[in-house]
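Structural overview for review
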Amino acid sequence: MRSHWPDQSIPAGHELSSDPEHEPELSGDHEHELEPGEQSTDLPSVATRPSSPDDTPGGTGPSRGMRGRGMKGGIASRISSRWHNHGPGDRALRRLWVAGLVLLALQLVAMALWSTLLWSHFELSMDYGDYHQAWWLIAHGNIDPASTFFTIGHSFWQNNFELFMWPLALIGVVISHGPVLVIFQDLMLAVAEVVAWSWMLDYAARRLPPARAIILGSGGLVLLLANPWAWQAISFDFHMEIVGIAFLVLAARQLSRDRWSGWLWAALAASCGDATAAWVVGLAVGFFILSPKRQRRWVPVLLIGAAWLGISTIAHGDLGGNPVDLYGYLARSSANQATAMTPPGLGSIVLAVIHHPSRAIDALWAQRVNIWANLAPGGLIGILSPLTLGPGLADLLTVGLARGSHFSQPAFQSVGLYVLVPLGTVAVVSWAAHRFPRLATGVMVTVSANAIAWSVVWAPIIRTSWATVPTATASILRHVQEEIPARAEVIASQGVAGRYGDRKYDWALQGARERIKLSDRNTWWIIVPRYGIETAPVAEQEAMIAELAGPLHAKLVEHRFGVWVFHWLVPAHMKSLVTPPAATSVPAWLATGPAGRAVTTGPTSTWATVGTGQPGYVIAYDYFRLHPARYKAVVRLSTGVPVKVQVWNDTGGALLSSTIVKPATSPQTISLPVNALHFYAHHEDSGLGPFSARLVSPPKDDLFEIRIWSPGGRQVSVTQVGFALGAHQAALSTRG
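Every residue gets a number counted from 1 within its own chain, in the order that chain's sequence is written. Where totals are concerned, whole chains, interfaces and linings use all residues; where local detail is concerned, this predicted model gives features only for residues with pLDDT of at least 70, and gives and counts side-chain atom pairs only at 80 or more. Values shown for side chains rest on all heavy atoms present in the structure; no hydrogens or waters enter the calculation.

Turning our attention to the sheet that holds strand β2 (residues 506-509). The strand order across the open sheet built from five strands is β2-β1-β4-β6-β5, with neighbouring strands paired in mixed fashion. Both edges of this open sheet fall to β2 and β5 (555-560), since each of them pairs with a single strand only. Mean inter-strand twist for the sheet, computed between neighbouring axes without regard to direction, equals 15°. In this sheet, strand β6 (residues 563-569) lies alongside strand β4 (residues 522-527) in antiparallel orientation, the contact comprising six bridges. Each bridged residue has a counterpart across the sheet, and for I526 the counterpart in β6 is V565. Contact criterion: two residues are considered in contact whenever any of their non-hydrogen atoms come within 4.5 Å of each other. Structural elements are reduced to axes, namely lines fitted to C-alpha atoms, with helices fitted over the stretch in contact, and the angle between N-to-C directions of any two is expressed from 0 to 180 degrees. Helix and strand labels come from DSSP, where a helix needs a run of H or I of at least four residues and a strand needs a run of E of at least two; each type is numbered from the N terminus. Across the sheet, helix α19 (residues 471-483) touches β4, β5 and β6, and the angle it forms with β6 is around 20°. Most of the contacts of helix α20 (residues 538-549) go to β4, to which it runs at about 140°, and overall it touches β1 (489-493), β2, β4 and β6. Paired strands are those between which DSSP finds at least two bridges.

And the structure:
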């Protein structure tokens, strides 16, 4: 599914011959090291460097005497040993290396603080809940936990065969509370970046004079630090791909040095799931192509990745991301796609792509914006490095051919590209620098500026996209979490469900017509329609609130700051519940505006939203998604002051209709005609110009809202708001 690299080293003071037959053979006295981006041992020679005590004459790397010091022959020991023996160029390299580590450490601290903020504000959705639930249950003795988020009714290990969760749960034995998982994820990304940074600076220092090595190394550091998608990846809950990329980079680095510990790192990478196991396969294939004479050590790596994928498929460990569900459309023609009853097998999908490659090409072209977005901040040309091309293409094909844009969007699925493409960019530019030094410098400066531009455009978007839950709302959610019994079943809005995963039964409320298994009579419902990383429309979640308060007779426990909490004792005969569809009319106590408050005492038939006496909107935020048509906005209210009833198209920011309602002490029903025939264009891409990405599929219908504004003073009481088809549209609908 994605990412990797390596190649062969040129020690300072030695040139590579253009004739492969004159290359020195690897002996037991020298450490062979493949560097990222070198295609073979017949690369053109690079600028020579003065020999130094740690350059073994005629060898292919530093002597074994250098092992065990610093980074075992890497940039740390090599530059450190030259600190007192050479000029300011080598000192500058060491200073750059130290400065890079400091900056990466500061980035880790910033990421940990950001992740802690998201955790404390409940900005964690069902993805985090799935991992949190398994991690918590394993740490508390449930060795084979079932998932109630994705692989419902199956074991967690069937969610993409991510068996590394079991050793990771050992942390939970010691500490199972707090933002442990998300901070561990940040740490693993930092490990991958540090290894890549050391590798790219080592590569530049070996091949180029200090001045140019500093330029290329600095540019590579910028590509790692300025990529906004690294922040996007860690903001989106917790995912094993981010853990696996650290193991993968360590495997590549160690195996490039002829160190068999790389096999262990490769096995750990594969244990992080199907995606990272595919990366392991790509890593081995890349090395096979680059170093055909040294294939023996890469056979175990290939077998590790292939075996993991094979076992996962045979044991049905891929239910969390079934290939048939993601890519089955490629095996169906446009004529039978809608009517096909039997899903195609994996073999049928592969054969269909081979026989009809135009389908795959069309699918990739449809995702061109996200493919560009995933590659561009890392330097783009890094994908051309022989050691990045194979795994990088595997990643792009995996996410690009998946149905929709949810997988192709920049996020955790492509985290390998955010580490590997910068490494490949430095490798490609370093390889070309000895032929076109000025051009190479210009290219490095350009790609670094490009990465900074991506960060400038996207940093504000990422911050506002993920930080949506107000502090007051988070405080209520935290209080509710502390009050819920440990054995109770929790059903929470999917945008905030992650923090409630520390229990056996926990469901994410995703929308209408969803069947929820009621595993315990003691159920708690936490619904936050307007905050969190929500996928369900507001109207669908409000319909569930109305269902709990009305027909189900659940007890309303809390309703402040956008949080609705119900406690429902499930009747003994009920084993499941299907959530209701979105309604076109909702109780007004669900749509309280800034100048209103919900009255929820007594029978539900008497509940209402009343004005606070302050000027402003008494009713707002009642979001409805409607097809283009003519409607009537229907409001039932009583008021002691003139109030304005308005209908807005929030997609286009347009006021569609407005009227003033005169004071009336008895309840009255107001009907307001609404022309909603104009359909506003939905912006598919976010960002600016070439710095754009398509993060999610746009909604199909416009968003409408009814607002009621009061000048304040006397009482305003509203009981119902909604839409009905206009008389003409209703007649057409009836005849249809």
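On to the confidence of the model for the protein, then. Of the residues in the protein, 81% reach a pLDDT of 70 or more, and the chain-wide mean stands at 79. Across the protein, element-level confidence peaks in strand β11 (residues 616-619) with a mean pLDDT of 94 and bottoms out in helix α21 (residues 727-735) with 40. pLDDT is a per-residue confidence score from the predictor, ranging from 0 to 100. A low-confidence stretch, residues 82-87 (pLDDT under 50), is modelled with twelve contacts involving residues beyond four sequence positions or located in other chains. Within the model, pLDDT remains below 50 along residues 730-736, and this stretch shows two contacts once partners closer than five positions in the same chain are excluded.

For the rest of this paragraph, the subject is the nonpolar core. Taken as a class, soluble globular proteins show a tendency for nonpolar side chains to be buried jointly. One finds M165, L168, W197, F238, M240 and V243 to be the most contacted residues of the largest nonpolar core, which totals 102 residues. Per-element accounting of this core gives the leading share, 15 residues, to helix α5 (residues 180-207). Discounting residues that sit within four places of it in the chain, M165 has contacts with Y131, A134, W135, I138, F156, F238 and M240. Core analysis: the second largest hydrophobic core is formed by 52 residues, L552, W564, W589 and L672 among them. The term nonpolar core refers to a set of buried residues drawn from Ala, Val, Leu, Ile, Met, Phe, Trp, Tyr and Cys, joined through side-chain atoms within 4.5 Å. Working definition: with a 1.4 Å probe on protein chains only, accessible area under 20% of the residue-type maximum means buried, over 50% means exposed, and in between means partly exposed.

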